[in-house]
Amino acid sequence: MHIDVLEKRWIQISIALMAAFAVLIGVAAFAWGVQVPTLERRVDPARLKDDPIWSNPGVREVVPGKHYEVYMIAKVWQFEPREIQVPVGARVTFYVTSADVQHAFKIVGTSVSMQVLPGYVGKVSYTFQEPGEYSFICTEYCGIGHAAMYGVIKVTESK
Amino acid sequence: MAETFRLPPSEKKLIVWHLVIGVVAISIGGSLGLFQILNHGGIDWYGWLSKIGIKNYYQGLTLHGVLNAIVWTTYFIMAFLTFNVVYGLKQPLKSAKVNWLGFWVMTLGVVLAAIPIWLNQATVLYTFYPPMLAPWFFYLGLALLVVGSWIEGWGLAWTYFAWRKANPGQRSPFIAFASVLTFLLWQLATIGVAAEVLILLLPWSLGLTPGLDVELARTLFWWFGHPLVYFWLLPAYISWYGYLPRQAGGKLFSDTLARLAFWLFLLLSVPVGFHHQYLDPGVPPTWRYIHALLTLSVVVPSMMTLFTVVASLEYAGRKRGGKGLLGWIRALPWGDPSVAAQLLAGLIFVFGGIGGVINASYNVNMILHNTTWVSGHFHLTVGTAVTLTFIGIFYWWAPYLTGKPLPVKLARVQVWLYAIGMAIFSQAMHALGLLGAPRRTPLGNAPYIPPEWQGLLLRELIGGILLVTGGTLFIVIAAYFAFAKPKERVTVEPPVAEALQDPQLTPAWLDTWRPWVVGAVFLVLLAYTPVLLDLVQNMVLVTAPRIPLW
Ligand code: HEM
Ligand SMILES: [Cu+2]
């Protein structure tokens, strides 16, 4: 088989490049913990109101000033709750699920983003380093009111 | 290749009808793009559009996605593959009737799916994610569209394998080989969406099943959804490898590596669907990472393609007297709109490719997922690399099929306007996405838009207007070929490229089907079985909400 020398080099370089990307991403994900959202558990979206956790979504303080959990329901066409408050520098774990169709949850200006599917509770953590107002928006088409589906996170100075 | 082969009338008619439907589809689909950019720029014309049936942004966007990304591409591609097999083998189809049957099944499917979209009953976007529910005949239409394309592809494979049997030991001509391979990829890819539609969506829309699992549906969809983009791209590559070198005045640099690249695309483009599901909770992260690795390995055949295409063009440019490191680029026949379209498409695709590697990078994806970055990306790829290449092909093909000369000056303007408009439009979309602007959203009506995004939305609008103007000129040129009666007649010889080296020297293992096909099927099973089993065992059945959603 005839392969041009330059072309052989080129292929070797592209394999090396690809391997470098793969390793970098793997290290970032599995060693440094820059991870994609994971599955918390499955739930029946029709029964969310019977569930002690989901009948009362919102912020739970786990360790004051250090760790918070946010339970969030996406439904047509709003998030519940629509406004939350957490202190700066605390680890915030978001648990998000849908009560009806597919939605998505993205906090603008951060890396937090996930698909929100009925039947599945997704989990992702984030630490806000700057105080201020962050909007979270629905980034998956969910019907006619999709563009108006958003909420606000108030990140306050720690006491 | 002195002997001229004339396309038999039935094959010619079949090709022409595919092109007619494809061009009508992109004319309507592309026009709807105008209303999207206007909305983003703060000008809402949907009130006016509702008079002709498009009641809202999302209904228009559903049509835009379906007509551009599914109907235009599939019809153009099936026409091009048919031509490549027939003209490449210098042989009529085994049975033109089979291919006509496929065409009619496909077209019936398009009509069945288009009616509910037009009536605003299937405003589910071209991904039709459940549990949004469309009428059952929308799903039936999709199924027929896919099955019709299979029938056509089987007709092509039949013709091709009969040729091989009659010509043992001969390398099959590259354009015919690559076209059948493209269909094979489509066959493997569409199994996923066929399963989604026939097992999950259609029975559910008929009320036969209590509900379905949305993650399972998404997984089957993206089994299809990613290789779909290779079904779009490979025909463009066939043109870059198999025609463009000749159009530029040169030869294909390496027939061997062209075939190897195509086999690698077949192997690597299906078992990678989870890279569209990096942020889906229901797919285990390890599997998402495995698909990320497989996705990144597509870099290798892509870089091979870049090398071979550039080397072929450089060979052509130097033969035309181009000197120095880059002088050969200027020496290429830029004045030929067909060549200019493909060169610009290829150039823009470099940026599409870089963006693709970024999208594929697992956790990096979190920043841009579901943002306008992604729309910016696929307008560079399917919207330009593919569509502008198809337009370029059209510019020699339509004169060949109709005998009418190409309006060269108009076509030149068309190509440049489209490319420049797209570059501006897409750059703005990418930048907006990095700021966090969501895709699939009428940004002009969203309450959360910060003032910093306005400048970019305006840039998107300006680029988009140039782009729409370029697109409109293409429709004008297509209409000229359909309706005008110019006095002048032309005869065009299809510019099929020869390879620098006799293809007979290409090793036989690169022109052998079984091991590659077995390998591709094996990889798909390996990449999907564990996750599919897990999803099926843990299904959460979900039903459609009772309130109207749009
Ligand atoms: C005439 C020029 C075009 C303009 C102005 C245009 C504009 C747009 C805009 C603004 C969006 C984003 C909508 C949103 O996410 O809210 C979009 C989406 C899209 N466009 Fe285009 N486009 C054009 C041509 C094309 C072409 C030629 C193709 C493919 C062949 C294409 C395929 C798509 C697809 C697949 C989507 C995504 C639909 C979805 O998210 O469901 N577009 N277009
Ligand atoms: Cu939503």
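It should be emphasised that the depicted structure is a prediction, and the values quoted were computed from it without experimental measurement. Once a new chain begins, its residue numbering starts again from 1 and follows that chain's sequence as written. All chains are assigned letters beginning at A, and all ligands numbers beginning at 1, according to the order in which they are written. Reporting in this predicted model follows two pLDDT cut-offs: at least 70 for local features of residues, and 80 or more for side-chain atom pairs to be given and counted; totals over whole chains, interfaces and linings ignore these cut-offs and use all residues.

A short note on the site of ligand 1
All names here are of chain B.
Argument step 1. As a structural note, the neighbourhood of ligand 1 is formed by 26 residues, with G30, G33, Q36, G65 and N68 the closest of them.
Argument step 2. The helix and strand labels rest on DSSP assignments: H or I over at least four residues marks a helix, E over at least two residues marks a strand, and numbering proceeds from the N terminus. Counting residues per element, the ones that place at least two in the shell around ligand 1 are α1 (9-40), α3 (57-89), α15 (372-402) and α17 (454-483).
Argument step 3. When grouped by side-chain class, the residues that make up the shell around ligand 1 number eleven nonpolar, 13 polar and two charged.
Argument step 4. Segment limits for the domains were obtained from an automatic or database-derived domain assignment. Looking at which domains feed residues into the shell around ligand 1, each of domain 1 (1-229 + 496-550) and domain 2 (333-493) gives three or more. Defining nearness, a residue is near a molecule or strand when the C-beta atom obtained from its backbone falls within 6 Å of it. Only Asp, Glu, Lys and Arg are considered charged in this grouping, and only Ala, Val, Leu, Ile, Met, Phe, Trp, Tyr, Cys and Pro are considered nonpolar; every other residue, Gly among them, is considered polar.

A short note on the nonpolar core
Argument step 1. Note on terminology: a nonpolar core is any set of buried Ala, Val, Leu, Ile, Met, Phe, Trp, Tyr and Cys residues joined through C-beta atoms within 7 Å. A residue is called partly exposed when the number of other C-beta atoms within 10 Å of its own lies between 12 and 20, exposed at 12 or fewer, and buried at 20 or more, with C-beta atoms placed from the backbone. Counting residues in each nonpolar core, the largest one holds 238 residues, and the members touching the most others are M72 of chain A together with L185, F231, L234, L344 and I348 of chain B.
Argument step 2. What counts as a contact is two residues whose backbone-derived C-beta atoms lie within 7 Å of each other. The contact partners of F231 of chain B, leaving out residues within four places of it in the chain, are I77, T182, L185, W186 and A189 of chain B.

So, the interface of chain B and chain A
Argument step 1. Each partner contributes residues to the interface: chain B has 55 residues there, and chain A has 55 residues.
Argument step 2. Secondary structure elements with two or more residues in the side of chain B that touches chain A: α7 (214-242), α9 (255-268), α10 (285-297), α11 (299-319) and α14 (365-368) of chain B.
Argument step 3. If one sorts the elements of the side of chain B that touches chain A by residue count, α10 of chain B sits on top with seven residues.
Argument step 4. When grouped by side-chain class, the residues that make up the side of chain B that touches chain A number 35 nonpolar, 15 polar and five charged.

Remarks on the pairing of strand β7 (residues 103-107) of chain A
Regular strands place side chains that alternate from one sheet face to the opposite one.
Residue and element names in this part refer to chain A.
Argument step 1. In terms of residue burial, β7 counts as a mostly covered element, since five of its five residues are buried.
Argument step 2. Along β7, one buried face is formed by H103, F105 and I107 and the opposite face, lined by A104 and K106, is buried too.
Argument step 3. Strand pairing is assigned whenever DSSP identifies at least 2 bridges connecting the two strands. Of the pairings in the sheet, the one linking β7 to strand β8 (residues 113-116) comprises four bridges and is antiparallel in character. Bridging from a neighbouring strand, A104 pairs with Q115 of β8.
Argument step 4. In this antiparallel pair of consecutive strands, β7 and β8, the connection spans five residues, and G109 shows a positive phi of 85°.

Some words on the environment of G30 of chain B
Residues and elements named next belong to chain B.
Argument step 1. Following the sequence through the fold, G30 ends up in helix α1.
Argument step 2. Among the residues examined, G30 registers 22 C-beta atoms within 10 Å and is labelled buried.
Argument step 3. If sequence neighbours within four positions are ignored, G30 has contacts with N68 and G471.

Re the domain arrangement of chain B
Accessible area lost on assembly of the parts is the figure often given for the size of an interface.
Residues and elements named next belong to chain B.
Argument step 1. For chain B, the domain assignment lists domain 1 (1-229 + 496-550) and domain 2 (333-493).
Argument step 2. Each of domain 1 and domain 2 was reduced to a C-alpha centroid, and the two centroids are 21 Å apart.
Argument step 3. Sorting the residues of the side of domain 1 that touches domain 2 by element identifies α1 and α3 as the ones contributing at least two each.
Argument step 4. The biggest single contributor to the side of domain 1 that touches domain 2 is α1, with twelve residues.
Argument step 5. Classifying every residue of the side of domain 1 that touches domain 2 by side-chain character gives 13 nonpolar, eight polar and two charged.

What to know about unusual backbone geometry
The general pattern is negative phi for most residues beyond glycine and trans for most peptide bonds.
Argument step 1. For the bond running from V76 of chain A to W77 of chain A, omega is -10°, close enough to zero to count as cis.
Argument step 2. Checked against the element boundaries, W77 of chain A lands in the loop between β3 (67-75) and β4 (78-80).
Argument step 3. Phi is positive for F128 of chain B, close to 35°, though the residue is something other than glycine.
Argument step 4. Mapped onto the elements of the fold, F128 of chain B is located in the loop between α4 (96-118) and α5 (136-166).
Argument step 5. Even without being glycine, R440 of chain B reaches a positive phi, approximately 55°.

So, the sheet that holds strand β5 (residues 83-87) of chain A
Residues and elements named next belong to chain A.
Argument step 1. Read from one edge of the open sheet, five strands run β5-β11-β10-β7-β8, paired in mixed fashion. A single partner strand is all that each edge strand has here, and the edge strands are β5 and β8. Across the sheet, the axes of successive neighbouring strands diverge by a mean angle of 20°, strand direction being ignored.
Argument step 2. Where strand β10 (residues 132-137) and strand β11 (residues 150-156) come together, six bridges link them in antiparallel fashion. Opposite F136, over in β11, you have G151 as the bridge partner. The angle between two axes is taken between their N-to-C directions and runs from 0 to 180 degrees, where each axis is a line fitted to C-alpha atoms and a helix contributes only its stretch in contact.

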